[in-house]
Amino acid sequence: DAGVIQSPRHEVTEMGQEVTLRCKPISGHDYLFWYRQTMMRGLELLIYFNNNVPIDDSGMPEDRFSAKMPNASFSTLKIQPSEPRDSAVYFCASMSSGERDTQYFGPGTRLTVL
Amino acid sequence: AQSVTQLDSQVPVFEEAPVELRCNYSSSVSVYLFWYVQYPNQGLQLLLKYLSGSTLVKGINGFEAEFNKSQTSFHLRKPSVHISDTAEYFCAVRPRGGGSNYKLTFGKGTLLTVNP
């Protein structure tokens with residue numbers, strides 16, 4: 001398997017622009033997680049889905065952030081409008097209910113908002 | 001709520017030396033415990049996890065960790081490190097129990113640097 005795929009790997013944008021990050025989980029996995037990693041706050045869970053349904057979005061910072069999972073093989077995290085403080089590395093991870101508590105992480109998207 | 005404290009932000013060691021990376025947690029409920037490793041410019045990879053049973057857990061790459069409930073600790077150890085073990089290591093917890101709460105709380109990480 002190719003593992004969790006994220007795109008783009010790097011994104012540089014200007015403040016106020018819309019940013020969309022994409023994730024393809026491992027085939028057959030029914031859980032999908034979005035994390036944000038910064039020097040100041042470390043690694044934080046933003047939201048996670050089970051069978052395409054959002055289960056816990058308590059980590060989503062504010063209304064500018066939204067996440068969707070239209071099908072089992074694709075998810076997006078959108079920031080609109082983006083701000084410099086959103087600069088971070090965003091990770092997507094997936095997990096199978098048949099292998100609970102083992103999350104497989106993608107390589108991340110490094111977002112820079114100027 | 002849970003919190004995780006990794007007491008050392010950086011640990012430099014020489015190759016073939018033993019290493020211990022410390023992790024303490026705080027939680028009002030019982031938890032499951034994890035160690036993840038992040039190599040430069042990569043995502044995280046699970047090293048090992050404690051869910052139940054023996055408090056000494058063996059993971060990949062020769063690492064092991066011991067759960068100490070009374071000290072609320074889950075320290076990671078390796079008897080002899082290699083240059084390739086240079087990476088950042090994260091301790092994490094999630095609440096134990098029913099339901100499907102898979103929200104992990106991570107520590108700030110410990111950067112292990114193995115020198116020749």
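Our subject is the structure that appears above.
The following paragraphs examine the structure supplied in this document. The written sequence of each chain sets the order in which its residues are numbered from 1. As a convention, the first chain written is A and the first ligand written is 1, with the rest following in written order. Residues qualify for local features only when their pLDDT is at least 70, as the model is predicted, and side-chain atom pairs are given and counted only at 80 or more; totals for whole chains, interfaces and linings, by contrast, use all residues. Computation of side-chain values covers all heavy atoms of the structure but excludes hydrogens and water.

Considering the overall build of chain B
How we decide: Where helices and strands are cited, they refer to DSSP runs of H or I of at least four residues and of E of at least two residues respectively, numbered from the N terminus. For this measure, only C-alpha atoms enter the radius of gyration; the expected value for a globule follows 2.2 Å times N^0.38, where N is the number of residues. Only protein chains enter the calculation, and the probe is 1.4 Å; a residue is then buried if its accessible area is under 20% of its type maximum, exposed if over 50%, and partly exposed in between.
Broken down by element type, chain B carries zero helices and twelve strands. When the helices and strands of chain B are listed from N to C terminus, the series reads β-β-β-β-β-β-β-β-β-β-β-β. For chain B, the C-alpha radius of gyration of 14 Å lies close to 13 Å, the compact-globule estimate for 116 residues. Projected onto its principal axes, the C-alpha positions of chain B cover 45 × 30 × 20 Å. Buried positions account for 44% of the 116 residues belonging to chain B.

Notes on the sheet that holds strand β1 (residues 5-7) of chain A
Residue and element names in this part refer to chain A. Which entries qualify depends on this criterion: In this analysis, strands are considered paired if DSSP registers two or more bridges between them. Between the N-to-C directions of two axes lies an angle of 0 to 180 degrees, each axis being a line fitted to C-alpha atoms and, for a helix, fitted only over the stretch in contact.
Reading across the sheet, the four strands line up as β1-β3-β8-β7 and stay open at both edges, with antiparallel pairing between neighbours. In this open sheet, the two edge strands, each paired with only one partner strand, are β1 and β7 (65-71). Averaged over all pairs of adjacent strands, the angle between strand axes in this sheet comes to 15 degrees, irrespective of strand direction. Note: strand β3 (residues 19-24) against strand β8 (residues 74-79), five bridges, orientation antiparallel.

Remarks on the state of the cysteines
Threshold: The disulfide definition used here is simple: a pair of cysteine sulfur atoms within 2.5 Å.
Tallying each qualifying case throughout the model produces two disulfides over all chains. Paired by a disulfide, Cys-23 of chain A and Cys-92 of chain A hold their sulfur atoms 1.8 Å apart. In this structure, the disulfide formed by Cys-23 of chain A and Cys-92 of chain A twists by about -65 degrees around the S-S bond and is classed as left-handed. A residue pair is termed long-range when its members are at least 10 positions apart, and Cys-23 of chain A in strand β3 and Cys-92 of chain A in strand β9 (residues 88-95) qualify at 69 residues. Like Cys-23 of chain A, the residue Cys-92 of chain A is buried in the burial classification. A disulfide bridge connects Cys-23 of chain B with Cys-91 of chain B, and the sulfur atoms are separated by 2.0 Å. Across the S-S bond of Cys-23 of chain B and Cys-91 of chain B the torsion is about -65 degrees, and the bridge reads as left-handed.

Some words on unusual backbone geometry
Residue and element names in this part refer to chain A. A cis amide bond, omega -10 degrees, links Ser-7 with the succeeding residue Pro-8. Residue position: Pro-8 is located in the loop between β1 and β2 (10-13). The phi angle at Asn-51 is positive, at roughly 50 degrees, despite the residue not being glycine. Mapping Asn-51 onto the fold places it in the loop between β5 (42-50) and β6 (53-56). Residue Asp-101 is not a glycine yet carries a positive backbone phi of 70 degrees. Looking at the secondary structure, you find Asp-101 in the loop between β9 and β10 (104-105).

Description of the nonpolar core
All names here are of chain B. Formally: In these notes, a set of buried Ala, Val, Leu, Ile, Met, Phe, Trp, Tyr and Cys residues joined through side-chain atoms within 4.5 Å is what counts as a nonpolar core. By definition, residues are in contact when any of their heavy atoms lie within 4.5 Å.
Core analysis: the largest hydrophobic core is formed by 28 residues, its most contacted members being Leu-33, Trp-35, Leu-47, Leu-48, Phe-74, Leu-76 and Tyr-89. When residues of this core are traced back to their parent elements, those giving at least two are β2 (10-14), β3 (19-21), β5 (31-38), β6 (44-50), β8 (64-68), β9 (73-78), β10 (87-95) and β12 (110-115). Setting aside anything within four residues of it in sequence, one finds Leu-48 in contact with Leu-33, Phe-34, Trp-35, Val-57, Lys-58, Gly-59, Phe-63, Glu-64, Ala-65, Phe-74 and Leu-76.

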